[in-house]
Amino acid sequence: MASIFTKIINGDIPCHKVAEDENFIAFLDINPNAKGHALCVPKEEVDKLFDLGEHMYLQLMQFSRRVAKALEKTVDCNRVGMAVIGLEVPHVHVHLIPLNSMDDMDFSSKVSMTDDEMAELAAEIRQKLQ
Ligand code: AMP
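Summarised in this report is the structure supplied together with it. (Residues numbered from 1 in each chain as written. Predicted model: local features only at pLDDT ≥ 70, side-chain atom pairs only at ≥ 80, totals over all residues. Heavy atoms only, no water.)

Quick notes on the packing of helix α2 (residues 54-74) against helix α3 (residues 115-128)
Point 1. It is the contact of α2 with α3, at a shortest axis distance of 8 Å, that shows an interaxial angle of 115°. Crossing of α2 against α3: the hand is right-handed. Counting all contacts with α2, which are made through Ala70, Leu71, Lys73 and Thr74, the residues of α3 involved are Leu121, Glu124, Ile125 and Lys128.
Point 2. Classifying every residue of the contact of α2 with α3 by side-chain character gives four nonpolar, one polar and three charged. (Axes fitted to C-alpha atoms, helices over the stretch in contact; angles between N-to-C directions. Helix = DSSP H or I, 4+ residues; strand = E, 2+ residues; numbered from the N terminus. Left-handed = near helix turned anticlockwise from the far one by under 90°. Contact = heavy atoms within 4.5 Å. Nonpolar A, V, L, I, M, F, W, Y, C, P; charged D, E, K, R; others polar.)

Printed below as a string of structure tokens:
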């Protein structure tokens, strides 16, 4: 069965997209640790990060870097943190999280944003992409 992220990639369920190219998509996490928390996802559905082919792995890092730079320009933060977990969704994704304190890397501590706020923020991030 297709992962929830494949359904997003195929346009079957909505997301707040911030970037997309031939091989990757980035969108805002639906349950963010911090404002601007984004996920970078390869369109190829692979469960574990280190099972990606080397080329795709390096390209994912390049794509994530581009999104992180746009996040830094958009969200007031000290830096952008990166995490790879995958215990909930078995489809590779890089979490990019704007950080102001260590608590922002705590996945049990969440911020609430309305759908309109997420849409507005995604549009701002898209504008900052190079
Ligand atoms: P993990 O697999 O543990 O790295 O966590 C999966 C992440 O995907 C969580 O932070 C969820 O909030 C996020 N997530 C799950 N479904 C969606 C969705 N439909 N749109 C955006 N983010 C999602």
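That shown, we press on.
A few points about the side chain of Thr6
Point 1. Structurally, the position occupied by Thr6 is in helix α1 (residues 4-9).
Point 2. Other than its neighbours up to four places away in sequence, Thr6 contacts Glu45 and His91.

Quick notes on a positive patch on the surface
Point 1. A cluster of basic side chains, namely Arg65, Lys69, Lys73 and Lys128, defines a positive patch on the protein surface.
Point 2. For the positive patch, the element with the most residues is α2, which contributes three residues.
Point 3. Topologically, Lys128 is positioned in helix α3.
Point 4. Residue Lys128 is classed as partly exposed on the basis of its relative accessible area of 35%. (Patch = residues over 30% accessible without salt bridge, like charges linked within 9 Å, V, L, I, M, F, W, Y side chains within 5 Å. Areas by Shrake-Rupley, 256 points an atom, 1.4 Å probe, with all protein chains shown as cover. Salt bridge = Lys/Arg side-chain N within 4 Å of Asp/Glu carboxyl O. Lys, Arg positive; Asp, Glu negative; His and termini not counted. Charge placed at Lys NZ, Arg CZ, Asp CG, Glu CD. Buried < 20%, exposed > 50% of the residue type's maximum accessible area, 1.4 Å probe, protein only.)

Brief notes about α2
Since the α-helix turns once every 3.6 residues, residues separated by three or four places project in the same direction.
Point 1. Spanning 21 residues, α2 covers 30 Å between terminal C-alpha atoms, matching the ideal 30 Å at 1.5 Å per step.
Point 2. If you follow the buried residues of α2, they end up packed against β1 (17-20), β2 (24-28), β3 (38-42), β4 (79-83), β5 (94-99) and α3. (Expected span 1.5 Å × (residues − 1).)

Points about the environment of Glu44
Point 1. Structurally, Glu44 can be placed in the loop between β3 and α2.
Point 2. Relative accessible area serves as the criterion here: at 42%, Glu44 is assigned to the partly exposed category.
Point 3. Sequence spacing of Glu44 and Met56 is 12 residues, and the spatial spacing of their C-alpha atoms is 9.2 Å.

As for the nonpolar core
Point 1. Judged by nonpolar contacts, the single largest core of 28 residues is most densely connected at Leu28, Cys40, Leu60, Val67 and Leu96.
Point 2. Elements that contribute at least two residues to this core include exactly β1, β2, β3, α2, β5 and α3.
Point 3. The element contributing the most residues to this core is α2, with seven residues.
Point 4. When near neighbours in sequence (up to four residues on either side) are disregarded, Leu96 contacts Gly36, His37, Ala38, Cys40, Ser64, Val67, Ala68, Leu71, Val80, Gly81 and Met82.
Point 5. Ranked by size, the runner-up nonpolar core spans eight residues in total, among them Ile9, Phe27, Leu39 and Val89. (Core = buried A, V, L, I, M, F, W, Y, C linked by side-chain atoms within 4.5 Å.)

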